[in-house]
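Residue-level structure breakdown
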Amino acid sequence: MTKPSRRDFLKIMGASGAALLAGRPAAASQGHQVSNETLGMLYDATKCVGCKACMSACKRVNGDYGSLAYEKAKFDSDGLWDAPQDLSGSTRTLIKLFKESDRSWSYFKYSCMHCQKPSCVSVCPVSAMTRDEVTGIVDYNKNACIGCRYCQVACAFNIPKFQWDKAIPQIVKCDLCKSTNLRQKGVTACAEVCPTGAIMFGRRKDLLAEANQRLQQNPGNYLNHIYGEKEVGGTNHLYLSAMQFNKLGLPLLKNEAPAEFSEKIQHTIYKGFIAPVALYSTLCYVAVKNKKKGEEAPGHGADDGKAGEGDHGA
Amino acid sequence: MGHDEFQKHEARIFTPSFLVLLVLTLIGFGLVALRFVKGIGAVSNMSDGYPWGIWITYDVATGTAIACGGYAMAILVYIRNRMHYHPMIRSAILTSMFGYGLAGFSVMVDVGRPWNAYNFFLPSKWQANSAMFEVALCVMAYTTVLALEFLPAILTTLEKTEWRTLQMLLDKLHARTGITRPERLDERLESVKELAAWLKPRLDKVLIFIIVLGITLPTMHQSSLGSLLLIASTKLHPLWHTGFLPLLFLINCMFIGYSIAILESVISCYAFKRPFETRELAGMARIIPWLTVIWLLVVIGDLAWRGQLAAALSLDFYSRFFLLEFCLVAGGSLLMFSGKKRESIRWLFVSAALIVLGGALYRFNVYLIGFNPGKGWHYFPALAELMITVGIVAFEILGYQVLVKILPVLPKLHTRQQHDQAHGVAEKA
């Protein structure tokens, strides 16, 4: 048996001290709770045939409400095709083809991940980005948004897009058809029209169960990884694929949500607004004392010797 | 501490530099108008990968640090009780006021939906998790505080004014167009003077509490400017992404603040042909290296702790910018450690300039250079985007130049001899 070292002792004291200061059990402030009852989608890249019906349905359904527009390609002066190159201020969802070789390729669909602990919601200064506690939908309210684009800086997936060419711009991102298809038909437009079942809409727990089942039944067909199950604290949009996710444009991410880290620091500094008030009162005390001292002996502050032979009388 | 420590700078307002600055300002503001008509994309190279460009990086994140002269001087004078620096404070506060006011203006140009900014004042929209929320409220409050701190200069002038320019303009107007002077004008002007005289002693009484607020607020929002990038853990290079960002930004703004106060004093004495305030500046320069040493130690310690020292020395793109920033700050501080160099205006200027450059580069590194949103994204400011920033800076210098000539801002020259000397030089020029 080893005696507890001094360092261990300090650690324990520090931890219990911190817990006391926090005023509640340390466990409560650790991590957010992942909810599997929330709504989401499972995209299975191995089933996708790249027909882009999802993209066209998204624009048809959300065009007016979500300020979406068709994007012309350079060769297409008549505007016959909608040809977005990437997610943009006109496009909420997009299918891309990644081709390594003639035998190794994959389609891939992009849209908002609907994080369980979304960075965009954490950083929005005016609560224009919100996460619905029940449905888990991360939604955007243009009537609150000031257009600071902090959500874009914060999002690890680069999902929120800004309308750079408009005098009255807004942020564009997927809201799971919250006010359109989901409200009318109970399913997102992209999942509704997908002819191959590559997009599945449902509750997160059902989607996870389905994904695990597919992985078990066809282990050779997939990478053994459900992207979004753990990444950045879990997302409601989940992915299955045969190709490495980072080759498909999804970043390799840690399981901790970035918002956990930043909020922890921000909350430590501003807990109960005690630190700023304490700072202000201390400084007031010092400054008033200095002022009184100065009035008693005009022209002589607590000078620092050499530089202080001031000839500036009051 | 009376108000008679300050004086107007007696000189012509319409100088050649005034014209140059005016032209730059007008170009900048014309482009701002274009931005509001055609969208941000029409004047800038910002993109969905780099949603924050030069406006946020320079005008806001760096500009407010450069505007921290007022903050640094207030700490020195009112908290560390070095009252002999008091004569220098008004010009520091004036530049801070311009810096912060124009940072606020830049934000309004930069944000896409500025008409929604009233949401900051609706408690239902408050979002305490957001560093941006804290920065926005704090900067708005601090700009107000700076205006209040500067108010005595305006009140003193109002109290003593004889409205000569106004009277002259009215006379001219009358002669040209035949418009008669409004009735009871003199009476009204008199009441403005009385109001100023009534307000000044009352403001003086509570001023110390406003000043202290002007020290608390920058402490809060300058650290929060660092906190803004805490969330970007996947985009900001590990050389700069650390939990110490708020602390590093806070110390950074302090040493930039003192250094910029030195630079401002040297430049304005040079430009306005006044004797240099060498002794005060040397005293101030003694504080700076201690701040930079703490900052450098935190930087190194943090890199070592996170195992990034090798990355810092790897001489790749990021490492070079890191080393440049580090060497500029360290080099400037080394010069300032030497007592002899501190007594020389030239060396003071050089070392302060190095430190301001290094400190500003640190902020650029955090906001732009070390920020990588992923493959395929690039950013370099567009000409129009740069010209808007240039216009705003030009307006800042222009406003300073004009205000020191119509309000008592600069330290009073003390002896008859000093005064004559300054006059002589000014006349020769």
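Note that the coordinates shown come from a computational prediction; the quantities given were computed from them, not determined experimentally.

As a further point, take the overall build of chain B. Counting its secondary structure elements, chain B contains 16 helices and 2 strands. Each of the three principal axes of chain B carries a C-alpha extent, and together these read 75 × 55 × 40 Å. Each of the 429 residues in chain B was classed as buried or not, and the buried ones make up 48%. Put simply, of all contacts in chain B between residues at least 6 apart along the chain, 83% involve residues at least 24 apart.

Looking now at the overall build of chain A. Of the regular secondary structure elements, chain A holds 9 helices and 9 strands. Split into buried and exposed, the 314 residues of chain A put 39% on the buried side. A separation of at least 24 residues holds for 59% of the contacts in chain A among residues at least 6 apart in sequence.

Now for the sheet that holds strand S1 (residues 39-44) of chain A. Remark on secondary structure: sheet strands pair via backbone hydrogen bonds, oriented parallel or antiparallel. Residue and element names in this part refer to chain A. Taken in spatial order, the 3 strands make up an open sheet running S8-S1-S9, and their pairing is mixed. Edge strands, defined here as strands with exactly one partner in the open sheet, are strand S8 (199-203) and strand S9 (237-240). Going from strand to strand, the sheet's axes swing by 20 degrees on average, the running direction of each strand aside. Summarising the sheet, S1 and S9 pair through 4 bridges and their orientation is parallel.

Moving on, we come to helix H8 (residues 245-271) of chain B. Residue and element names in this part refer to chain B. Under the 1.5 Å per step criterion, the end-to-end length of H8 is 37 Å for 27 residues, consistent within 8% with the ideal 39 Å. Of all 27 residues making up H8, 20 are buried, and the element is well covered by its neighbours. Just beyond H8, the residue with positive phi is Lys 273, at close to 55 degrees.

So, about the interface of chain B and chain A. Bring the parts together and some accessible area is lost; that lost area is often taken as the interface size. Counting residues at the interface gives 60 residues for chain B and 57 residues for chain A. Listed by contribution, the elements that provide at least two residues to the side of chain B that touches chain A are helix H1 (16-38), helix H3 (69-79), helix H5 (131-160), helix H7 (185-227) and helix H9 (278-285) of chain B. Among the elements that take part in the side of chain B that touches chain A, H7(B) stands out by supplying 10 residues, more than any other. For the side of chain B that touches chain A, the class distribution of residues is 31 nonpolar, 21 polar and 8 charged.

Further remarks concern unusual backbone geometry. All names here are of chain A. In this structure, Ser 127 is a non-glycine residue whose phi angle is positive, near 55 degrees. Within the secondary structure, Ser 127 is located in the loop between helix H3 (119-123) and strand S4 (129-131). Residue Ser 127 is classed as partly exposed on the basis of its 19 C-beta neighbours within 10 Å. Positive phi values are uncommon outside glycine, yet Arg 149 reaches one of about 70 degrees. Looking at the element boundaries, Arg 149 is found in the loop between strand S5 (138-140) and helix H4 (150-154).

The next subject is the environment of Lys96(A). All names here are of chain A. Mapping Lys 96 onto the fold places it in strand S2 (residues 94-99). By the C-beta count within 10 Å, which is 14 here, Lys 96 ends up partly exposed. Expressed as a C-alpha distance, the spacing of Lys 96 and Ser 56, which sit 40 residues apart in the sequence, is 14 Å.

Residue and element names in this part refer to chain A. This prediction gives chain A a mean pLDDT of 85; 84% of its residues lie at or above 70. Taken as a whole, residues 6-30 scores under 50 in pLDDT and shows 3 contacts with residues more than four places along the chain or in a different chain. Within the model, pLDDT remains below 50 along residues 299-314, and this stretch shows 30 contacts once partners closer than five positions in the same chain are excluded.

Next up on the list: the nonpolar core. Counting residues in hydrophobic clusters, the biggest one holds 191 residues, and the most contacted among them are Ile199(A), Met73(B) and Ile262(B). At 15 residues, H8(B) tops the list of elements feeding residues into this core. Not counting the four nearest positions on each side in its chain, Met73(B) is found in contact with Tyr85(B), Met88(B), Ile89(B), Ala92(B) and Ala261(B).

Another aspect to go through is helix H10 (residues 288-305) of chain B. All names here are of chain B. Taking 1.5 Å of rise per residue, 18 residues should cover 26 Å, and H10 covers 26 Å from first to last C-alpha, within 8% of that figure. Three or more residues of H10 are buried, namely Ile 288, Pro 289, Leu 291, Thr 292, Trp 295, Val 299 and Leu 303. Relative to the axis of H10, the buried residues are bounded by an arc of 160 degrees and lie together on one face. The outward face of H10, more than 90 degrees from its buried face, is lined by the exposed residues Leu 297, Gly 301, Ala 304 and Trp 305. Residues of H10 that are buried make contact with H8, H9, helix H11 (309-312), helix H12 (317-337) and helix H14 (345-369). The first or second residue beyond H10 is Gly 307, which carries a positive phi of 70 degrees.

All names here are of chain B. Between H7 and H8, whose axes approach to 7 Å, the crossing angle comes to 130 degrees. Judged on the interaxial angle alone, H8 and H7 are oblique. In the packing of H7 onto H8, the handedness of the crossing is right-handed. Within the contact between the two elements, H7 uses Pro 218, Thr 219, Gln 222, Ser 223, Ser 224, Leu 225, Gly 226 and Ser 227 and H8 uses Leu 245, Pro 246, Leu 247, Leu 248, Phe 249, Leu 250 and Cys 253. By residue class, the composition of the contact of H7 with H8 is 9 nonpolar, 6 polar and no charged.

Reading the values: rules and limits
- In every chain, residue numbers begin from 1 and rise along the written sequence.
- To read the labels, note that chains go from A and ligands from 1, taken in the order they are written.
- Where local features are concerned, this predicted model is filtered to residues with pLDDT of at least 70; where side-chain atom pairs are given and counted, the filter is 80 or more; whole-chain, interface and lining totals use all residues.
- A run of H or I in DSSP counts as a helix once it spans at least four residues, and a run of E counts as a strand once it spans at least two, with each numbered from the N terminus.
- Counting other C-beta atoms within 10 Å of a residue's own tells you its class, since 20 or more makes it buried, 12 or fewer makes it exposed, and anything in between is partly exposed; those C-beta atoms are placed from the backbone.
- By the convention adopted here, residues are in contact when the distance between their C-beta atoms, placed from the backbone, does not exceed 7 Å.
- Note on pairing: two strands pair once DSSP finds at least 2 bridges between them.
- Helix axes are fitted only over the stretch in contact, all axes being lines through C-alpha atoms; the angle between N-to-C directions runs from 0 to 180 degrees.
- Expected helix span is taken as 1.5 Å per residue step, with the number of steps being one fewer than the number of residues.
- Polarity classes work like this: nonpolar for Ala, Val, Leu, Ile, Met, Phe, Trp, Tyr, Cys and Pro, charged for Asp, Glu, Lys and Arg, and polar for all others, with Gly in that last group.
- The predictor attaches a confidence to each residue, called pLDDT, with possible values from 0 through 100.
- By convention in this section, buried Ala, Val, Leu, Ile, Met, Phe, Trp, Tyr and Cys residues joined through C-beta atoms within 7 Å make up a nonpolar core.
- By construction, the arc corresponds to the directions joining the helix axis to the C-beta atoms.
- Reported orientations rely on four angle classes, namely roughly parallel under 35 degrees, roughly antiparallel over 145, roughly perpendicular from 65 to 115, and oblique for the rest.
- Left-handed describes a crossing whose near helix is turned anticlockwise from the far helix by less than a right angle; the clockwise case is right-handed.

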